[in-house]
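# A structural walkthrough
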Amino acid sequence: FIAVGTPYPFPTETAAAFAEGLTDVIVFEELDSVLEEEMLKLAGARHLPLRVHGKLTGEVNDRGENTTENIAGRLGRFFDRTHRSNGLAALVASTIGANDLSYEGPLPVRPPVLCAGCPHRGSFYAVKQALRGREAVLCGDIGCYTLGNAQPLDAVDTCLCMGAGITMAQGLQRVEPDKRYFSFVGDSTFFASGLTGIVNAVYNEASLTLCILDNSTTAMTGHQPHPGTGRTMMGNVVEKVDITKVLEGIGVKNTVTVDALDLNACVDAVLKLSAMKGVKAIIFKSPCAAIIKSFRTCRIAEDRCVNCRTCINEIGCPALVLDGDMVRIDSGLCTGCGLCSQICSVDAIETVK
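This write-up is about the structure you can find in this document. Since this is a predicted model, take the numbers as computed values, not measurements. (Residues numbered from 1 in each chain as written. Predicted model: local features only at pLDDT ≥ 70, side-chain atom pairs only at ≥ 80, totals over all residues. Heavy atoms only, no water.)

## A short note on the overall build of the chain
What counts is decided by this rule: By definition, any uninterrupted DSSP run of H or I lasting at least four residues is a helix, any uninterrupted run of E lasting at least two residues is a strand, and each is numbered from the N terminus. Throughout, exposure labels follow a simple rule: accessible area from a 1.4 Å probe, protein chains only, divided by the maximum for the residue type, with under 20% read as buried, over 50% as exposed, and the rest as partly exposed. Contact between two residues is taken to exist if any of their heavy atoms lie within 4.5 Å; hydrogens are not considered. Positive charges come from Lys and Arg, negative ones from Asp and Glu, while His and the chain ends are left out of the count. Here the site of a charge means atom NZ of a Lys, CZ of an Arg, CG of an Asp or CD of a Glu.
The helix and strand tally for the chain stands at eleven helices and eleven strands. C-alpha atoms of the chain, sized along the principal axes, occupy 75 × 50 × 40 Å. Per-residue burial over the chain gives 40% buried out of 353 residues. Taking as baseline every contact in the chain between residues at least 6 positions apart, the subset at least 24 positions apart corresponds to 68%. Of note, the chain has its 32 positive side-chain charges centred 5 Å away from the centre of its 39 negative side-chain charges.

Here is the structure:
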C-alpha cells in the first residue's frame, strides 16, 4: 500500500513505481476523489494495465468518514471480486463479525498544537520569560503562530485578522500607555498585511515591539513562497526582499535579528528592545520545521533526569511525552531543535546526531 501525505502536487513518479506490476488498485480518501482521478490520469498517460477503484466506481464511500468497519468491509469485497483475497475477505468478515469495532466512550482530547521543532515556540517562550513580572499585552495574528495562544505558552492575547496584531497594539497603547505592547507577525503576513500598520505606528509615534516570526515560508496555507523567500510561484530564483532594510526604510531605527531557537539570545533581545520607546523590531529567524530535513534528535539522560517535567509543562512540545511516570522524547517527532535542553535545569537533555 502507499499513503500519500501531500496529494497536490501529485507524486507521479512515486505512484508510478507503486503501480508497477499491479492490475487493480483501490483508493481510500475523504472529501473529493483527488488521488483516484490522478491515478486514472497516470494509467492513461503511461498506458498502464491498471484498473482504478474508488469513489467514482462506487466501491468507496463518496461521503462521510472512512471508518475502520467500512474500510474493512469494502476491502474484503474488493479482494473477493478481484480474486486476490487469499482468505483476506473471510478474515475481514470474521473479524468484523467477532468484534464490535464501534466506540461509544469519550474521544481523546487532541487540541491543535505547534509542530515539534517549530521555531515559533522558542520565540513565544522567550518573550514570556523576558516579561516575567512586567505588565504586557501580546497581540497575535493569523497563521501557525496563532497557536501561541494555547497552554502552556499562553502568549496571544488578541487575534482578529492578518496584520491586526500591529494595529490593535497601537490602539490599546493609547488607552493604557504604561504597559508594554508586543505585535507578532509572520514573515509572509509581514509582506501581505503588516507594512501598512507598521507605517502607521512609526508615523503616529506608537510605542510597541514588533516581533517578526521569520520561518522562511508561508507555513499555514501550504508553504507558498513570498517576497522574503527568494523564489517566485513559478520556481524562479530571485533576490529576496530584505525585511530589515524594509523596516529601516519605513523608519524603524532599532532592529535586531536573532535565532529563534537560541533562548538566551532571544530573551536578551526582548529585554533590551522592549525597554526602548517607539517602534522597534525583533526578527526571530529560524526555518519552519516542516521544510528542513533534520539529522538530529534530543534524548533524555535517565541517570540525570529528576522527572520534574519542566520541559513538558513549560513549552508543550508534542515530541515530549509521558511513558508511565517518566518523560520520554519521541524520536519520530523530535527535530533536535534543542529548546527543551535549554530549559532543563539539571542538563538531562542532550542533542545527538
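Back to the text.
## What to know about helix H9 (residues 263–274)
Rules: To estimate the expected span of a helix, count its residues, drop one, and scale the result by 1.5 Å. Each direction from the helix axis to a C-beta atom contributes to the arc, which is the arc of those directions.
For H9, spanning twelve residues, the distance from its first C-alpha to its last is 16 Å, which sits close to the expected 16 Å at 1.5 Å a residue. Those residues of H9 that sit buried are Leu263, Cys266, Val267, Ala269, Val270, Leu273 and Ser274. Angularly, the buried residues of H9 cover 160° about the axis, an arc narrow enough to put them on a single face. Exposed residues on H9 whose side chains face more than 90 degrees from its buried face are Asn264, Asp268 and Lys272. On its buried face, H9 sits against helix H5 (119–130), strand S4 (180–186), strand S5 (208–214), strand S6 (254–259), strand S7 (279–285) and helix H11 (339–343).

## Concerning the sheet that holds S6
Within a sheet, each strand pairs with its neighbour through backbone hydrogen bonds, oriented either parallel or antiparallel. Cut-off, in case you're wondering: A pair of strands counts as paired when DSSP detects no fewer than two bridges linking them. Lines fitted to C-alpha atoms define the axes here, with helix axes fitted over just the stretch in contact, and angles between the N-to-C directions of these axes take values from 0 to 180 degrees.
Reading across from one edge, S3-S4-S5-S7-S6 is the order of the five strands in this open sheet, with parallel pairing throughout. Among the strands making up the open sheet, the edge pair consists of strand S3 (136–139) and S6. Neighbour-to-neighbour, the strand axes of the sheet open up by a mean angle of 20°, direction not taken into account. With four bridges connecting them, S3 and S4 associate as parallel partners. Across the sheet, Leu138 pairs through a bridge with Phe182, a residue of S4. Together, S4, S5 and S7 form the strand contacts of helix H7 (residues 187–203), whose direction differs from that of S4 by roughly 145°.

## Focus: the packing of H5 against H9
Short version of the rule: In what follows, roughly perpendicular refers to angles from 65 to 115 degrees, roughly parallel to angles under 35, roughly antiparallel to angles over 145, and oblique to any angle outside these ranges. In a left-handed crossing the near helix is turned counterclockwise from the far helix by less than a right angle, and in a right-handed crossing that turn is clockwise.
At a minimum axis distance of 8 Å, the contact between H5 and H9 shows a crossing angle of 55°. Judged by the angle between their axes, H5 and H9 are oblique. Here H5 runs over H9; the crossing is right-handed. On H9, the residues touching Tyr125, Ala126, Val127, Gln129 and Ala130 of H5 are Leu263, Cys266, Val267, Val270 and Leu271.

## Notes on the nonpolar core
Heads up, the rule is: In plain words, nonpolar cores are sets of buried Ala, Val, Leu, Ile, Met, Phe, Trp, Tyr and Cys residues tied together by side-chain atoms within 4.5 Å.
Ranked by internal contacts, the top residues of the largest apolar core, which has 64 residues, are Val127, Leu210, Leu247 and Phe284. Looking at this core, the element that brings in the most residues is H9, giving six residues. What Phe284 contacts, discounting residues up to four positions off in sequence, is Ser123, Val127, Cys211, Ile212, Leu213, Asp214, Val258, Ala260, Cys266 and Val270. With twelve residues, the next largest nonpolar core counts Phe10, Ala15, Val27 and Val52 among its residues.

## Examining the environment of Val238
Its location among the elements puts Val238 in the loop between S5 and helix H8 (243–250). Overall, the relative accessible area of 41% leaves Val238 in the partly exposed class. Leave out the neighbours within four places in its chain, and Val238 touches Gly230, Arg231 and Thr232.

## Let's talk about unusual backbone geometry
Of note, the amide linkage connecting Tyr8 to Pro9 takes the cis form, showing an omega dihedral of 0°. The amide bond that connects Gln151 to the next residue, Pro152, takes the cis arrangement and shows omega of 5°. As for its position among the elements, Pro152 is in the loop between S3 and helix H6 (164–175). The phi dihedral of Asp154 is positive, around 50°, even though this residue is not glycine.

## Examining the side chain of Ser188
The test is simple: Polar contacts, as counted here, are pairs of nitrogen or oxygen atoms within 3.5 Å of one another; within protein the pair requires one atom able to donate a hydrogen and one able to accept it, and residues that are adjacent in sequence qualify only if both atoms are side-chain atoms.
In this structure, Ser188 sits in helix H7. Residue Ser188 is classed as buried on the basis of its relative accessible area, which comes to 17%. Of the polar contacts made by the side chain of Ser188, one reaches the side chain of Thr218; its length is 3.2 Å. Contact partners of Ser188, with chain neighbours within four places excluded, come to Thr217, Thr218 and His226.

## Section: the side chain of Asp141
Inspection of the secondary structure assignment puts Asp141 in the loop between S3 and H6. At a separation of 2.9 Å, a polar atom in the side chain of Asp141 contacts the main-chain amide nitrogen of Gly163.

## Focus on the packing of H6 against H7
A packed helix pair is summarised by two numbers, namely the angle formed by the two axes and the spacing between the axes. We count it as follows: Three classes are used, and their members are as follows: Ala, Val, Leu, Ile, Met, Phe, Trp, Tyr, Cys and Pro are nonpolar, Asp, Glu, Lys and Arg are charged, and the others, Gly among them, are polar.
The geometry of H6 relative to H7 is characterised by a closest axis approach of 8 Å and an angle of 25° between their N-to-C directions. The orientation of H6 with respect to H7, classified from their angle, is roughly parallel. Read as a crossing pair, H6 and H7 show a hand that is left-handed. Contact residues: Ile166, Thr167 and Gln170 in H6; Gly194, Gly197, Ile198, Asn200 and Ala201 in H7. Across the contact of H6 with H7, the residue classes break down as three nonpolar, five polar and no charged.

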